[in-house]
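One letter stands for each residue in the lines below.
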Amino acid sequence: MKKKIYLTLPILLMLIGGCVPPQTNNPKVIEYPKDVEVPKLTPYELKVISDKIYLNETSGDPEKLMFWSTNESFASLGIGHFIWYPDGEAKRFDETFPAMIDYYVANKVEVPAWLLNARKVGAPWKNRASFEYARKDKQFIDLKYLLMNTKELQTQFFFDRLHASIPEILLLVEPSKREHIKNNYNALAKTQGGWYPLIDYINFKGKGLKDTERYNNQGWGLLQVLEHMPPVQAGSQSLVEFSNSSRAILERRVKNSPPQNNEAQWLPGWINRTNGYKTPIL
């Protein structure tokens, strides 16, 4: 059975021809574009990718499943460090953890009542200090165990997010760039081991769609990596080109970043991570 994405008729028209959308409020069910690979993972692939992302984000330490950086105004939760903002905090980056809670519910995972309530309000910790103070609380510990015991479901969530991002990306870019981006995506999708870099990068640095995720009007998400790549075909070279493009985009981000952010400190780790895309993990 084909997966479907719920988009509006204007979106379909824009995907087909880059037209200015007509005004309508009547939603229609639009099938995922037929010339874009529909993601499929075996249970084995899901586990291997899950373990790799967990290692990337936590170095295999369960205590780092729930993290709050001294440089950030939000909690980072789960194997992919989903972002969760406290109530009232400006949301510069994509907030992904409330959607992960919804995903738990949709997949019939038992979720604590307090977490269901908090998903509509915001993270229950107002700042990093209150987050660290809460580490021994029952709610905190229960959430950590939930995250630890659902690693593969979290990876499936990333996978579904990747799947849904492609129509969004194609809509955002000008029509002349759509074939290039789509073809590069398909090349990775058809390459053994190609799903891991795609899934990891969108989890790692986002889709690249938000205006707030740019320096000097240049983003650093999946969109920018696929766009920056040369045209590729399925095969090992597509992994190399995706890795090289990821590195170049992240180096550009650091170059464009405000000096006070000191983002250069993170670049060696980012490069080490993206260099790993060249070698299939499966």
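Here the structure is shown first, and the text comes after it.
Keep in mind it's a predicted model, so treat the numbers as computed, not measured.

Novice: Explain the nonpolar core residue by residue, including any values.
Specialist: Grouped together as the largest cluster of nonpolar side chains are 73 residues, with contacts concentrated most on Leu77, Phe97, Trp125, Leu143, Trp195 and Phe242. Considering each element in turn, this core owes the most residues, 8 residues, to helix α7 (residues 151–172). With residues near it in sequence (within four places) discarded, Trp125 still touches Met66, Trp68, Ala75, Leu77, Trp84, Pro86, Ser130, Phe131, Ala134, Phe140 and Leu143.

Novice: Mind laying out the packing of aromatic side chains, listing which residues take part and the relevant values?
Specialist: Summed over all chains, the structure comprises 21 aromatic pairs. Between the aromatic rings of Trp125 and Phe140, the centroid separation amounts to 5.9 Å while the plane-to-plane angle is 65°, which identifies the pairing as edge-to-face. In this pair, Trp125 sits in the loop between α4 (113–118) and α5 (128–133) while Phe140 sits in helix α6 (residues 138–148), placing the two residues 15 residues apart along the sequence. You'll find Trp125 and Phe140 in the same group, each marked buried. An angle of 50° between the planes, with centres 5.8 Å apart, marks the rings of Phe242 and Tyr277 as tilted. Placement of Phe242 in helix α11 (residues 236–256) and of Tyr277 in the segment after α12 (267–275) is noted, with a sequence separation of 35 residues between them. The burial state of Phe242 is the same as that of Tyr277; both residues are buried. One aromatic cluster is present, formed by Trp68, Phe82, Trp84, Phe97, Tyr103, Trp125, Phe131, Phe140, Phe157 and Phe158 through successive ring pairs. The aromatic ring of Tyr54 is capped on one face by Lys151, whose charged end is 4.5 Å from the ring centroid. Over the ring of Trp220 we find Arg253, and its NZ or CZ is 4.2 Å from the ring centre.

What counts, and where the lines are drawn
- Residues numbered from 1 in each chain as written.
- Predicted model: local features only at pLDDT ≥ 70, side-chain atom pairs only at ≥ 80, totals over all residues.
- Heavy atoms only, no water.
- Core = buried A, V, L, I, M, F, W, Y, C linked by side-chain atoms within 4.5 Å.
- Buried < 20%, exposed > 50% of the residue type's maximum accessible area, 1.4 Å probe, protein only.
- Helix = DSSP H or I, 4+ residues; strand = E, 2+ residues; numbered from the N terminus.
- Contact = heavy atoms within 4.5 Å.
- Phe/Tyr/Trp six-rings, centres within 6.5 Å; stacked < 30°, edge-to-face > 60°.
- Lys NZ or Arg CZ within 6 Å of the ring centre and 35° of its normal.

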